[in-house]
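# Structural features, examined
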Amino acid sequence: MEVDLQKETALIEAIFYLESEPLDCQALSKISNLGLEVVEAAIENLQEKYRSDDSGVDLIQISGGWIISPKEELWEFLKDRYGKKNDNRLSKAAMETLSIIAYKQPITRAEIEAIRGVSVDNMIRLLHERTLIKEVGKKDVPGKPSQYGTTKEFLKFFRMNSIADLPKLDETESERFELAR
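In this report, we go over the structure that sits alongside the text. Here the structure is a predicted model, which is why all the values come from computation and not from measurement.

### Let's talk about the sheet that holds strand β4 (residues 133-138)
In a beta sheet, neighbouring strands pair by backbone hydrogen bonds and run either parallel or antiparallel. Pairing within the open sheet is antiparallel, and its three strands lie in the order β3-β5-β4. Looking at which strands have only one partner, the edges of the open sheet turn out to be β3 (107-108) and β4. For β3 and strand β5 (residues 146-150), the ladder comprises two bridges, and the chain directions are antiparallel. Paired with Ile107 across the two strands is Tyr148, which belongs to β5. Along the sheet face, helix α6 (residues 92-104) touches β3, β4 and β5 and points at about 95 degrees away from the line of β5.

### Overview of the pairing of strand β2 (residues 65-70)
Counting buried positions along β2 gives five out of six residues, so the element sits mostly inside the fold. Strand direction decides the pairing type here: strand β1 (residues 57-62) and β2, joined by six bridges, are antiparallel. In the strand pairing of β2, Leu59 is matched with Ile68. Remark: two residues form the turn of the hairpin made by β1 and β2, two consecutive strands paired antiparallel; Ser63 in that turn has positive phi of roughly 45 degrees.

### Considering α6
For α6, with 13 residues, the first-to-last C-alpha span of 18 Å sits near the 18 Å given by 1.5 Å per residue. Next to the buried residues of α6 lie β3, α7 (109-116), α8 (121-129), β4, β5 and α9 (152-157).

### What about the packing of helix α1 (residues 6-18) against helix α3 (residues 36-51)?
Between two packed helices, both the angle of their axes relative to each other and the distance between the axes serve to describe the pair. The geometry of α1 relative to α3 is characterised by a closest axis approach of 9 Å and an angle of 75 degrees between their N-to-C directions. In terms of orientation, α1 lies roughly perpendicular with respect to α3. Taking contact as the criterion, the partners of Glu8, Thr9, Ile12, Glu13, Phe16 and Tyr17 in α1 are, on α3, Val38, Val39, Ala42, Asn45, Leu46, Lys49 and Tyr50. For the contact of α1 with α3, the per-class residue count stands at eight nonpolar, two polar and three charged.

### A closer look at the pattern of salt bridges
One pass over the full model with this rule turns up ten salt bridges. Two residues, Glu48 and Arg51, come together in a salt bridge whose shortest N-O distance is 2.7 Å. Of this pair, Glu48 and Arg51 both sit in helix α3, three residues apart, which is roughly one turn of that helix. Side by side, Glu48 and Arg51 carry an identical accessibility label, which is exposed. A salt bridge links Glu113 to Arg109; the shortest N-O distance between them is 2.9 Å. With Glu113 and Arg109 both in helix α7, this residue pair falls four residues apart, about one helical turn. On the basis of relative accessible area, Glu113 is assigned to the buried category, the value being 18%. Taking relative accessible area as the criterion, Arg109 reaches 35% and is therefore assigned partly exposed.

### A few points about the side chain of Lys71
Along the polypeptide, Lys71 turns up in the loop between β2 and α4 (72-82). In contact with Lys71, other than residues within four places in its own chain, are Tyr50, Arg51, Ser52, Asp53, Ser55, Gly56, Val57 and Asp58.

Cut-offs used in this document
Residues numbered from 1 in each chain as written. Predicted model: local features only at pLDDT ≥ 70, side-chain atom pairs only at ≥ 80, totals over all residues. Heavy atoms only, no water. Pairing = 2+ DSSP bridges. Helix = DSSP H or I, 4+ residues; strand = E, 2+ residues; numbered from the N terminus. Contact = heavy atoms within 4.5 Å. Axes fitted to C-alpha atoms, helices over the stretch in contact; angles between N-to-C directions. Buried < 20%, exposed > 50% of the residue type's maximum accessible area, 1.4 Å probe, protein only. Expected span 1.5 Å × (residues − 1). Parallel < 35°, antiparallel > 145°, perpendicular 65-115°, else oblique. Nonpolar A, V, L, I, M, F, W, Y, C, P; charged D, E, K, R; others polar. Salt bridge = Lys/Arg side-chain N within 4 Å of Asp/Glu carboxyl O.

Right, dumping it as structure tokens:
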């Protein structure tokens, strides 16, 4: 017997429109007072609904939660008006530093500098202020330098569900991320 979940699916869809952060199934269940299985079925219904060509949005998974977002092919038309133009832009140096942290985490400031060949104090400060990176521990060497890694904000910024979604590096690209000896 197939259960009609129209009202439940509509409720979950409305929650997505009202919330600005990605929500996992447990959070959706708590907010909606619906069971986990019902929430999961509603998510499947929404994914099916948004798959059609006449929908301008997708239900995507980002940093472990779900969020409604414009379809990727429409973003080019929308980003000038709705994207956070200059406050979301990162300089080439910031992107380079962030890439090194993302691929090599956990990594210390000195290790990043050895790869980049320049001081990264300002870049680390900027990326930390933007909450794209955070201190994830101390390296067990003399001086106990801080180690850095990416955050959930990093995943949201780049629309990824997990760090495993980073593009794979080929051999040449991978060599660029090795510490200078």
